[in-house]
Amino acid sequence: ESLQKTGTGFIELAAKIPADDTVQMKWEDGKLYDVPKSIIINQALYHGIEHRAQIMVIMTQVGVEPPDLQSWAYFDSNKGKILELTYLYSKLLSI
(Lines give C-alpha, C1' and ligand atoms only; values in the text may rest on other atoms or scores of the structure.)
Protein backbone atom coordinates (compact mmCIF):
# COMPACT_ATOMS: atom_id res chain seq x y z
CA GLU A 1 0.00 0.00 0.00
CA SER A 2 2.84 2.38 0.84
CA LEU A 3 4.47 1.78 -2.54
CA GLN A 4 1.17 2.40 -4.30
CA LYS A 5 0.77 5.78 -2.58
CA THR A 6 4.38 6.75 -3.20
CA GLY A 7 4.25 5.79 -6.88
CA THR A 8 0.96 7.55 -7.49
CA GLY A 9 2.19 10.64 -5.65
CA PHE A 10 5.40 10.66 -7.68
CA ILE A 11 3.49 10.47 -10.96
CA GLU A 12 1.09 13.21 -9.88
CA LEU A 13 4.00 15.46 -8.90
CA ALA A 14 5.84 14.81 -12.15
CA ALA A 15 2.75 15.65 -14.18
CA LYS A 16 2.65 19.13 -12.61
CA ILE A 17 6.21 20.11 -13.57
CA PRO A 18 6.37 22.23 -16.75
CA ALA A 19 8.65 20.82 -19.43
CA ASP A 20 10.98 23.83 -19.37
CA ASP A 21 11.42 24.02 -15.56
CA THR A 22 15.04 23.79 -14.45
CA VAL A 23 16.97 23.89 -11.21
CA GLN A 24 20.58 24.99 -10.71
CA MET A 25 22.84 22.18 -9.59
CA LYS A 26 26.56 22.08 -8.90
CA TRP A 27 28.06 19.45 -11.15
CA GLU A 28 31.16 17.30 -10.67
CA ASP A 29 33.29 19.97 -12.33
CA GLY A 30 32.24 22.46 -9.64
CA LYS A 31 30.19 24.60 -12.06
CA LEU A 32 26.50 25.42 -11.74
CA TYR A 33 24.23 24.16 -14.49
CA ASP A 34 20.53 24.61 -15.22
CA VAL A 35 19.29 21.02 -15.13
CA PRO A 36 15.78 20.21 -16.44
CA LYS A 37 13.61 18.87 -13.63
CA SER A 38 12.56 16.11 -16.03
CA ILE A 39 16.15 14.80 -15.88
CA ILE A 40 15.94 14.64 -12.08
CA ILE A 41 12.63 12.75 -12.29
CA ASN A 42 14.11 10.36 -14.84
CA GLN A 43 17.12 9.73 -12.58
CA ALA A 44 14.85 9.01 -9.61
CA LEU A 45 12.93 6.44 -11.66
CA TYR A 46 16.11 4.83 -12.97
CA HIS A 47 17.67 4.78 -9.50
CA GLY A 48 14.66 2.89 -8.12
CA ILE A 49 14.80 0.39 -10.98
CA GLU A 50 18.50 -0.19 -10.35
CA HIS A 51 17.93 -0.94 -6.67
CA ARG A 52 15.05 -3.32 -7.40
CA ALA A 53 17.30 -5.24 -9.78
CA GLN A 54 20.00 -5.46 -7.10
CA ILE A 55 17.49 -6.76 -4.55
CA MET A 56 16.25 -9.38 -7.00
CA VAL A 57 19.83 -10.60 -7.54
CA ILE A 58 20.38 -10.88 -3.77
CA MET A 59 17.08 -12.76 -3.34
CA THR A 60 18.06 -15.21 -6.08
CA GLN A 61 21.51 -15.73 -4.54
CA VAL A 62 19.97 -16.72 -1.19
CA GLY A 63 17.48 -19.06 -2.84
CA VAL A 64 14.35 -16.89 -2.73
CA GLU A 65 12.23 -16.57 -5.87
CA PRO A 66 11.91 -12.81 -6.52
CA PRO A 67 8.50 -11.45 -7.52
CA ASP A 68 7.71 -10.59 -11.12
CA LEU A 69 8.25 -6.84 -11.35
CA GLN A 70 7.45 -6.48 -15.02
CA SER A 71 4.84 -3.91 -15.97
CA TRP A 72 2.76 -6.69 -17.56
CA ALA A 73 2.46 -8.55 -14.24
CA TYR A 74 1.56 -5.34 -12.43
CA PHE A 75 -1.11 -4.56 -15.02
CA ASP A 76 -2.53 -8.05 -14.79
CA SER A 77 -2.98 -7.83 -11.02
CA ASN A 78 -4.14 -4.18 -10.91
CA LYS A 79 -6.33 -3.69 -13.98
CA GLY A 80 -8.81 -1.45 -12.15
CA LYS A 81 -6.17 0.97 -10.87
CA ILE A 82 -4.11 0.96 -14.04
CA LEU A 83 -6.37 3.24 -16.07
CA GLU A 84 -5.84 6.12 -13.64
CA LEU A 85 -2.09 5.54 -13.49
CA THR A 86 -1.88 5.33 -17.29
CA TYR A 87 -3.56 8.72 -17.56
CA LEU A 88 -1.15 10.25 -15.02
CA TYR A 89 1.85 8.65 -16.72
CA SER A 90 0.79 10.06 -20.09
CA LYS A 91 0.86 13.51 -18.49
CA LEU A 92 4.37 12.76 -17.21
CA LEU A 93 5.56 11.88 -20.70
CA SER A 94 4.23 15.14 -22.08
CA ILE A 95 6.53 17.17 -19.81
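Let me begin by describing the structure that accompanies this report.

Conventions we followed
- Residues numbered from 1 in each chain as written.
- Predicted model: local features only at pLDDT ≥ 70, side-chain atom pairs only at ≥ 80, totals over all residues.
- Heavy atoms only, no water.
- Helix = DSSP H or I, 4+ residues; strand = E, 2+ residues; numbered from the N terminus.
- Buried < 20%, exposed > 50% of the residue type's maximum accessible area, 1.4 Å probe, protein only.
- Contact = heavy atoms within 4.5 Å.
- Areas by Shrake-Rupley, 256 points an atom, 1.4 Å probe, with all protein chains shown as cover.
- Phe/Tyr/Trp six-rings, centres within 6.5 Å; stacked < 30°, edge-to-face > 60°.
- Expected span 1.5 Å × (residues − 1).
- Patch = residues over 30% accessible without salt bridge, like charges linked within 9 Å, V, L, I, M, F, W, Y side chains within 5 Å.
- Salt bridge = Lys/Arg side-chain N within 4 Å of Asp/Glu carboxyl O.

1. Examining the overall build of the protein
Here is step 1: When you go through the protein residue by residue, the secondary structure sums to four helices and two strands.
Here is step 2: Traced from its N-terminal end to its C-terminal end, the protein shows the element sequence α-β-β-α-α-α.
Here is step 3: Split into buried and exposed, the 95 residues of the protein put 13% on the buried side.
Here is step 4: Look at the contacts in the protein between residues 6 or more apart in sequence, and 43% of them connect residues 24 or more apart.
Here is step 5: A total of about 7700 Å² of accessible surface is found on the protein, and carbon and sulfur atoms cover 61% of it.

2. Description of the packing of aromatic side chains
To describe a pair of aromatic rings, one takes the distance between the centres and the angle between the planes.
Here is step 1: Taken as a whole and judged by the stated rule, the model has one aromatic pair.
Here is step 2: Ring centres 6.3 Å apart and planes at 75 degrees place the aromatic pair Trp27 and Tyr33 in the edge-to-face group.
Here is step 3: A relative accessible area of 45% places Trp27 in the partly exposed class.

3. A closer look at helix α2 (residues 37-61)
Counting along an α-helix, one turn takes 3.6 residues, and residues three or four places apart therefore face a common direction.
Here is step 1: Here α2 contains 25 residues, and its C-alpha end-to-end distance of 37 Å stays within 8% of the 36 Å for a straight helix at 1.5 Å per residue.
Here is step 2: The first or second residue beyond α2 is Gly63, which carries a positive phi of 85 degrees.

4. Regarding a nonpolar patch on the surface
Here is step 1: On the surface, Val23, Met25, Trp27, Tyr33 and Ile40 cluster together to form a nonpolar patch covering roughly 420 Å² of accessible area.
Here is step 2: Mapped onto the elements of the fold, Met25 is located in strand β1 (residues 22-26).

5. A closer look at the pattern of salt bridges
Here is step 1: According to the stated counting rule, one finds one salt bridge in the structure shown.
Here is step 2: The partner of Asp21 in a salt bridge is Lys37, with the nearest N and O atoms 3.7 Å apart. Of this pair, Asp21 sits in the loop between α1 (2-16) and β1 while Lys37 is found in helix α2, placing the two residues 16 residues apart along the sequence.
Here is step 3: The class for Asp21 is partly exposed, based on a relative accessible area of 26%.
Here is step 4: For Lys37, a relative accessible area of 29% puts it in the partly exposed group.

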